[in-house]
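Here are the chains, one letter per residue:
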Amino acid sequence: MAVETTRVELCGRLADACGPFVDLTLPVEGLPVPELISILRERFPALQDGLSKGRIRACINETIVPNEAIIRPGDTVALFPPVSGG
Amino acid sequence: MAVETTRVELCGRLADACGPFVDLTLPVEGLPVPELISILRERFPALQDGLSKGRIRACINETIVPNEAIIRPGDTVALFPPVSGG
Amino acid sequence: MSCQVELTEAGFDPAARLATFSASLGDEGAVVSFTGRARGKAKDGNAVGALVLETYRGVTLASMQAIAGDAHERFAITHSHVVHRAGRILPGEAIVFVATASPHRRAAFEAADYLMDRLKTEAVFWKREEHGDGASWIEPTAQDQKDTVRWLQSEGEENARN
Amino acid sequence: MSCQVELTEAGFDPAARLATFSASLGDEGAVVSFTGRARGKAKDGNAVGALVLETYRGVTLASMQAIAGDAHERFAITHSHVVHRAGRILPGEAIVFVATASPHRRAAFEAADYLMDRLKTEAVFWKREEHGDGASWIEPTAQDQKDTVRWLQSEGEENARN
């Protein structure tokens, strides 16, 4: 199974633990959002806390996506903790 | 029964019919508001229309008063049609 | 706390009022303003040359002050400013300006909304629109009355809860 | 109709924005503005040195534009202006400014209120308060969530009525 490195941007408080970016390898067929989060929690124990608070949304190629969306190698990926403007 | 001339100021649309002031004589013991209005309607037929539209409030000595209030000679009297700011 | 109420025959600039109001604040996080402007068209679509607002002695200003005082009693606002014009007002000119400030936005919004509803139906002004062939008196609409009654109802509910 | 949305790193003057907005209007009778200002005290009463707002690429501006578009669809407003700062904001400085205009005041008030509720809970910003010994992330409060849900409920009611 071919793999490729994908950079995930960690927004807001998620960047506190290990900076604003982490790299990981995704299978070519991609992964749904909850699996991506599970993998990040395993590989980066410092992210455990931030990612377990829930209400994390994924953004793929500048579009916020539902949990069923598939993240593929080469996508521009970010994880959003709860947002708050104003 | 002694009488004295009292000037009644007619505000807003009430002034359309015969100007902003009318003078009339009040008994020394005064009159409640509805009686004042009845007398005005008799004496100044041009006011019939404006005063019969209802919701007229009286103002005595710069205080808006309930209908039971007594208007006495020498009072500063005004009649207010419905108000609207803004 | 500050509650500043002004009745003026002169034109005024709502943005300048907002600037002065904001500069007077402390650590309030929320500022709401409302500006009511004279319209060039009446409800029937006909052109309006001017709006004329009449007042009665000290009673007009006192009615504005009473309404502003009630807003401070009822909502958690720290500052308010109410300016109302009288006399002849041309289309596009400001008739009324209301500003409120509060630590939090809900109180600031509600207080401004409340002030306007009550000014519309209870402030002592008589308004007429001047047009080509005369003038028409403007009284509060059924909607204006309904808007004011909203606050009476919710006041009742608040009392019932206490 | 005009719907102008701006994201800026630079400080801005809410009163100047209100002046420009008002000057752009036609015969609208009602203008509402809201200004949200950075507070010098956190909820726990401790001093805040600055508020820092982070954004994400084009998604932040797009989220603001979507919210403003929804406000125009939902309320009878003719003009709106939304300005939001990003970056480091000092106490007393404006974070957000919203202005709405409509022929009638209810739509202008409701649209401004709606815009702020949705910006608070759905605009793509992450906020932290810097204080003496570090920084604290600020997420929407339970009240903010409740404020936004109000509009979902009344949307449901409107639909039920149709």
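Computed from a prediction, not measured in an experiment: that's the story for all the values here.

Engineer: I would appreciate a short explanation of the overall build of chain C in the present structure.
Structural biologist: Broken down by element type, chain C carries four helices and eight strands. Here chain C holds 162 residues, and 54% of them are scored as buried. Looking at chain C alone, contacts between residues at least 24 apart form 76% of all its contacts between residues at least 6 apart. Carbon and sulfur atoms make up 50% of the accessible area of chain C, which totals about 6800 Å². Averaging the coordinates of the 18 positive side-chain charges in chain C and doing the same for the 23 negative ones gives two points 4 Å apart.

Engineer: What is the right way to look at the overall build of chain A in this model?
Structural biologist: Within chain A, the regular secondary structure consists of three helices and seven strands. Each helix (α) and strand (β) of chain A, taken in turn from the N terminus, gives the series β-α-β-β-α-α-β-β-β-β. Its C-alpha atoms give chain A a radius of gyration of 12 Å, near enough to 12 Å, the size a compact globule of 86 residues would have. For chain A, the spread of C-alpha atoms along the three principal axes comes to 45 × 25 × 20 Å. Per-residue burial for chain A yields a buried fraction of 48% across its 86 residues. Partitioning the contacts of chain A with sequence separation of at least 6, the portion at a separation of at least 24 is 56%. Total accessible area on chain A is roughly 4100 Å²; 51% of this is exposed by carbon and sulfur atoms. Averaged over its 8 positive side-chain charges, chain A has a centre that lies 7 Å from the centre of its 11 negative ones.

Engineer: Looking at this structure, how should I read the pattern of salt bridges?
Structural biologist: Between side chains of opposite charge, a pair can form when the charged atoms approach closely. According to the stated counting rule, one finds 38 salt bridges over all chains in the structure shown. Residue D:Asp117 is joined to C:Arg106 by a salt bridge in which the shortest nitrogen-to-oxygen separation is 3.5 Å. Of this pair, D:Asp117 sits in helix H3 (residues 105-122) while C:Arg106 is found in helix H3 (residues 105-122), placing the two residues in two different chains. A residue is classified by how much of its surface remains accessible, and C:Arg106, at 17% relative accessible area, is buried. A cluster of three or more residues bridged by salt bridges with shared partners is formed by C:Arg105, C:Arg106, D:Asp113, D:Asp117, D:Asp144, D:Asp147 and D:Arg150.

Engineer: Is there a simple way to think about the arrangement of the chains in this case?
Structural biologist: Most contacts, when the three pairs of chains in contact are compared, are made between chains C and D. One finds no contact linking chain A with chain B; the least C-alpha distance across the pair is 29 Å. At the C-alpha level, the nearest point of chain A lies 10 Å from chain C, with no contact between them.

Engineer: Would you mind going over the side chain of D:Thr100 with me for this structure?
Structural biologist: Relative to the helices and strands, D:Thr100 is located in strand E6 (residues 94-102). Within the structure, D:Thr100 has its side chain in polar contact with the backbone oxygen of D:Ala108 (distance 2.8 Å).

Engineer: Any chance you could explain the relation of the copies chain C and chain D here in plain terms?
Structural biologist: Of the two same-sequence chains, chain C is brought onto chain D (RMSD 0.0 Å, axial shift 0.0 Å) by a rotation of 180°. A rotation of that kind, with that shift, is consistent with a two-fold axis. Both copies contact each other with a shared surface, as 100% of the interface residues of chain C are interface residues in chain D too.

Engineer: How do you make sense of the interface of chain C and chain B when you look at a structure like this?
Structural biologist: Many descriptions give the size of an interface as the accessible area lost when the pieces come together. Taken residue by residue, the interface counts 23 residues in chain C and 19 residues in chain B. Between chain C and chain B, roughly 1800 Å² of surface is buried when both sides are summed, and carbon and sulfur atoms account for 54% of that area. By the criterion of area lost to chain B, the three top residues of chain C are C:Tyr56, C:Trp126 and C:Glu139, representing 36% of everything that side buries. Applying the counting criterion to the chain C and chain B interface returns three salt bridges. Residues B:Glu62 and C:Arg57 are paired through a salt bridge, measuring 3.6 Å at the closest nitrogen-oxygen approach. Here chain C is connected to chain B by 12 residue pairs in polar contact (both at pLDDT 80 or more). Elements with a contribution of two residues or more to the side of chain C that touches chain B: strand E6 (94-102), H3, strand E7 (126-131) and strand E8 (134-138) of chain C.

Engineer: Whenever I open this one, the interface of chain C and chain D confuses me. Can you help?
Structural biologist: Counting from both sides, the interface comprises 36 residues of chain C and, opposite them, 36 residues of chain D. Summed over both partners, the interface of chain C with chain D buries about 2900 Å², with 47% contributed by carbon and sulfur atoms. Sorting the residues of chain C by area buried against chain D places C:Arg37, C:Arg105 and C:Phe109 first, and these three jointly supply 25% of that buried surface. If you look at where chain C meets chain D, you find 14 salt bridges. For the pair chain C and chain D, the number of links is 26 residue pairs in polar contact (both at pLDDT 80 or more).

Engineer: Even after reading the chapter, I still don't get the packing of aromatic side chains, so can you show me in this structure?
Structural biologist: Given two aromatic rings, their pairing is described by the distance between the two centres and the angle made by the two planes. Evaluation of the coordinates by the stated rule reveals 12 aromatic pairs over all chains. Relative to C:Trp151, the ring of C:Phe75 has its centre 5.7 Å away and its plane inclined at 90°; by these criteria the two rings are edge-to-face. Taken together, the residues C:Phe75 in the loop between helix H2 (59-74) and strand E4 (79-85) and C:Trp151 in helix H4 (residues 142-161) connect sequence positions 76 residues apart. This pair shows no difference in class: C:Phe75 is buried, exactly as C:Trp151 is. The structure contains a cluster of three or more aromatic residues connected by ring pairs, namely A:Phe80, D:Tyr56 and D:Trp126. Here the guanidinium or amino end of B:Arg7 rests over the ring plane of B:Phe21, the centre of that ring lying 5.0 Å away.

Engineer: Help me out: how do you make sense of the nonpolar core in this one?
Structural biologist: Side chains of a nonpolar character, in soluble globular proteins, are inclined to be buried together. Ranked by internal contacts, the top residues of the largest apolar core, which has 59 residues, are C:Val98, C:Leu119 and D:Leu119. Ranked by residues supplied to this core, first place goes to H3(D) with nine residues. If we ignore the near neighbours within four places in the chain, the residues touching C:Val98 are C:Val32, C:Ser33, C:Phe34, C:His81, C:Val82, C:Ala112, C:Leu115, C:Met116 and C:Leu119.

Engineer: Would you mind going over H3(C) with me for this structure?
Structural biologist: Since the α-helix advances by 3.6 residues per turn, residues separated by three or four positions end up pointing in the same direction. Compared with an ideal rise of 1.5 Å per residue, which puts 18 residues at 26 Å, H3(C) spans 25 Å between its outermost C-alpha atoms and is within 8% of the ideal. With 16 of 18 residues buried, H3(C) is to be regarded as a mostly interior element.

What counts and how
- Residues numbered from 1 in each chain as written.
- Chains lettered and ligands numbered in written order.
- Predicted model: local features only at pLDDT ≥ 70, side-chain atom pairs only at ≥ 80, totals over all residues.
- Heavy atoms only, no water.
- Helix = DSSP H or I, 4+ residues; strand = E, 2+ residues; numbered from the N terminus.
- Buried < 20%, exposed > 50% of the residue type's maximum accessible area, 1.4 Å probe, protein only.
- Contact = heavy atoms within 4.5 Å.
- Areas by Shrake-Rupley, 256 points an atom, 1.4 Å probe, with all protein chains shown as cover.
- Lys, Arg positive; Asp, Glu negative; His and termini not counted.
- Charge placed at Lys NZ, Arg CZ, Asp CG, Glu CD.
- Rg over C-alpha atoms; globule rule 2.2 N^0.38 Å.
- Salt bridge = Lys/Arg side-chain N within 4 Å of Asp/Glu carboxyl O.
- Polar contact = N/O pair within 3.5 Å; in protein donor to acceptor, adjacent residues only side chain to side chain.
- Least-squares fit on C-alpha atoms with pLDDT ≥ 70 in both.
- Buried area = accessible area lost by both parts, 1.4 Å probe.
- Phe/Tyr/Trp six-rings, centres within 6.5 Å; stacked < 30°, edge-to-face > 60°.
- Lys NZ or Arg CZ within 6 Å of the ring centre and 35° of its normal.
- Core = buried A, V, L, I, M, F, W, Y, C linked by side-chain atoms within 4.5 Å.
- Expected span 1.5 Å × (residues − 1).

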